[in-house]
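Structural overview
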Amino acid sequence: MAATLTGSGIALGFSCSPKFSKRPSSSSSNRRCIKMSVSIEEKTKNFTLQKSEEAFNAAKNLMPGGVNSPVRAFKSVGGQPVVMDSAKGSRLRDIDGNEYVDYVGSWGPAIIGHADDEVLAALAETMKKGTSFGAPCLLENVLAEMVISAVPSIEMVRFVNSGTEACMGVLRLARAFTGKEKFIKFEGCYHGHANSFLVKAGSGVATLGLPDSPGVPKSATSDTLTAPYNDIAAVEKLFEANKGEIGAIILEPVVGNSGFITPKPEFINGLRQISKDNGALLIFDEVMTGFRLAYGGAQEYFGITPDLTTLGKIIGGGLPVGAYGGRRDIMEMVAPAGPMYQAGTLSGNPLAMTAGIHTLKRLSQPGTYEYLDKITKELTSGILEAGKKTGHAMCGGYISGMFGFFFTEGPVYDFSDAKKSDTEKFGKFFRGMLEEGVYLAPSQFEAGFTSLAHTAEDIQFTIAAAEKVLSRI
């Protein structure tokens, strides 16, 4: 049995006091910790989801599957979905009163912690002026300047309302700029639910895409080419077979929707060169990795500058948001500056702009990403060591505040490797951790997230819970 770890960690020289319940700043002098006053045994004994069950049963008569996004229904892990009531810092509380150390973080946005006091105060002030204008507001300029100064590839930016919308817009833009309709995506990379992206890769090295959801016409995916992640040879073959027809390559620079999968250096560098050689645009979908792996995203972390980038999650500080941006000559094709049309009623919403501005201000402070790297290294290595100690085949890794692990020997380089994971065992682990007071993503194929609100005590509590659960499954 093996437990392997990839990633990097930078230790910081500070300690936390257990006297405080919140961390209002990312600077080391203001770091504060939350003390766990309830033991693991007490949490397990008192754990119940009766109210969640009642609410979810009612929800199933009101909404498809009882949810507004499929993964929340716990289909891949089994058990009773949890209905949440509140969140603060690193914690979630459900309607039954159970409290959890949270590693989902609203699927990434809560990088400075839930319901941050400074962000809430700023939102309260903004709301006094109005919640939506349907017209330009100064806050759009402020956030745009922050994004442009941070992200290497972005010289101009367009704000939208979701990651899906950002990816829809960026693909249309790439096609408009290059005059080529075909594009390459990678198996296991998720770019929202637009028709062109809902494609399942075939069993060959690289295939034409076929719709992966009912309701998606074949015509919508006929120009979608797919290849395995981390397979540069497959990409080269696609360009050879489609000479002069491919306008773009889009990928998650670190995959978060097949679990946590990092790119091989020769793969991500090769994509940059191949796209240049063939007159195609390289698009990084940084909806998940933007401002999480580094302040400038994965492109700063890896030192690879794409032509276009999509963002979301963190830049809205927990409110609905998305964005796409890139080189000025490309972005000037977007209406009204150019002919490529895209619009949105709530785009640039003042509330989302406000939350994003104050979140990025916090992230720009010294020591932020070193702290995220430190605690995420401790968390990931601790869980993998617990797996090794209890006899489970596990592998995993992390970069900064993003991590993941699989119940397989590994290594995991692409989605086919990820699918070798023991998903039944993961389901047992997930449910066990839930009872111990730890909320993980309810799928083996989703990355996890830490935040500036997570304390050393949170991490040790989680590792102890993991060892306890792993010892009994």
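Because the structure is a prediction, the values reported are computed rather than measured.

1. Quick word on the overall build of the protein
- Broken down by element type, the protein carries 15 helices and 18 strands.
- The proportion of buried residues among the 473 residues of the protein is 55%.
- The long-range share in the protein, meaning contacts at least 24 apart out of those at least 6 apart in sequence, stands at 73%.
- When the accessible surface of the protein is totalled, it reaches about 19,400 Å², and 53% of it is carbon and sulfur.

2. As for the pattern of salt bridges
- Per the counting criterion, the structure on display carries 18 salt bridges.
- Several salt bridges converge on common partners, so that one network encompasses R91, R93, E99 and D458.

3. Some points on the packing of helix α7 (residues 232–241) against helix α8 (residues 265–277)
- Between α7 and α8, the least distance of the axes is 9 Å, while the angle of their chain directions is 20°. Considering the angle they form, α7 stands roughly parallel to α8. The handedness of the crossing between α7 and α8 comes out as right-handed. Between α7 and α8, the residues in contact are I232, V235, E236 and F239 and E266, F267, G270, L271 and I274, respectively.
- Classifying every residue of the contact of α7 with α8 by side-chain character gives 6 nonpolar, 1 polar and 2 charged.

4. Some words on the pairing of strand β12 (residues 281–285)
- Counting buried positions along β12 yields 5 of 5 residues, so the element is predominantly enclosed.
- Covered by surrounding structure in β12 are L281, I283 and D285 together with L282 and F284, the residues of both alternating faces.
- One ladder, built from 4 bridges, connects strand β11 (residues 246–251) with β12; its direction is parallel. Of the residues in β12, the one forming a bridge with I250 is I283.
- Taken together, β11, α8 and β12 form a β-α-β motif whose crossover is right-handed.

5. Let's talk about the sheet that holds strand β2 (residues 84–88)
- What the 4 strands build is an open sheet, ordered β2-β3-β4-β17; its pairing is mixed. A strand with exactly one partner marks an edge of an open sheet, and here the two such strands are β2 and β17 (438–439).
- Across 3 bridges, the pairing between strand β3 (residues 91–94) and strand β4 (residues 99–102) is antiparallel. Its bridge partner lying in β4, R93 is registered against E99.

6. Here's the deal with the nonpolar core
- If you look at the biggest cluster of nonpolar residues, it comprises 68 residues, and the most contacted ones within it are V147, F291, L360, L363, F405, F429 and L434.
- Top contributing element to this core by residue count: helix α12 (residues 368–389), with 8 residues.
- Residues within four places of L434 in sequence aside, it is in contact with F47, L49, F74, V82, Y100 and Y439.
- If you look at the next biggest cluster of nonpolar residues, it comprises 28 residues, including A234, F239, V255 and C395.

7. Quick word on the environment of P214
- Within the secondary structure, P214 sits in the loop between β9 (210–211) and α6 (218–221).
- Judged by its relative accessible area of 80%, P214 falls in the exposed class.
- Considered as a pair, P214 and L198 are 16 residues apart in the sequence and their alpha carbons are 9.9 Å apart.

8. Digging into the confidence of the model for the protein
- The predicted model of the protein has a mean per-residue pLDDT of 90, with 88% of residues at 70 or higher.
- A low-confidence stretch, residues 201–210 (pLDDT under 50), is modelled with 26 contacts involving residues beyond four sequence positions or located in other chains.

9. Notes on empty space enclosed by the protein
- Across all of its chains, the model carries 2 cavities of 30 Å³ or more by this definition.
- Each pocket or cavity is described by its volume, and for the largest cavity that value is around 110 Å³.
- If you go around the largest cavity, the residues you meet are Y103, F403, G404, F405, F426, L440, A441, S443, Q444, E446, A447 and G448.
- In terms of residue count, strand β16 (residues 402–406) provides more of the lining of the largest cavity than any other element does, 3 residues in total.
- Tallied by class, the residues present in the lining of the largest cavity amount to 7 nonpolar, 4 polar and 1 charged.
- Roughly 60 Å³ of volume is contained in the second largest cavity.
- Around the second largest cavity, the lining residues are G89, S90, D102, G105, A110, G113, H114, R292, F449, T450, S451 and H454.
- Residues belonging to the lining of the second largest cavity are distributed by class as follows: 2 nonpolar, 8 polar and 2 charged.

Definitions and limits used
Residues numbered from 1 in each chain as written. Predicted model: local features only at pLDDT ≥ 70, side-chain atom pairs only at ≥ 80, totals over all residues. Heavy atoms only, no water. Helix = DSSP H or I, 4+ residues; strand = E, 2+ residues; numbered from the N terminus. Buried < 20%, exposed > 50% of the residue type's maximum accessible area, 1.4 Å probe, protein only. Contact = heavy atoms within 4.5 Å. Areas by Shrake-Rupley, 256 points an atom, 1.4 Å probe, with all protein chains shown as cover. Salt bridge = Lys/Arg side-chain N within 4 Å of Asp/Glu carboxyl O. Axes fitted to C-alpha atoms, helices over the stretch in contact; angles between N-to-C directions. Parallel < 35°, antiparallel > 145°, perpendicular 65-115°, else oblique. Left-handed = near helix turned anticlockwise from the far one by under 90°. Nonpolar A, V, L, I, M, F, W, Y, C, P; charged D, E, K, R; others polar. Pairing = 2+ DSSP bridges. Right-handed = clockwise from strand over helix to strand, strands pointing away. Core = buried A, V, L, I, M, F, W, Y, C linked by side-chain atoms within 4.5 Å. pLDDT = per-residue confidence, 0-100. 1 Å grid on protein atoms, 1.4 Å probe; cavity = no way out; pocket = protein on both sides within 12 Å on 5 of 7 lines; lining within 4 Å. Points joined across faces, edges and corners; volume = space filled by probe spheres on them.

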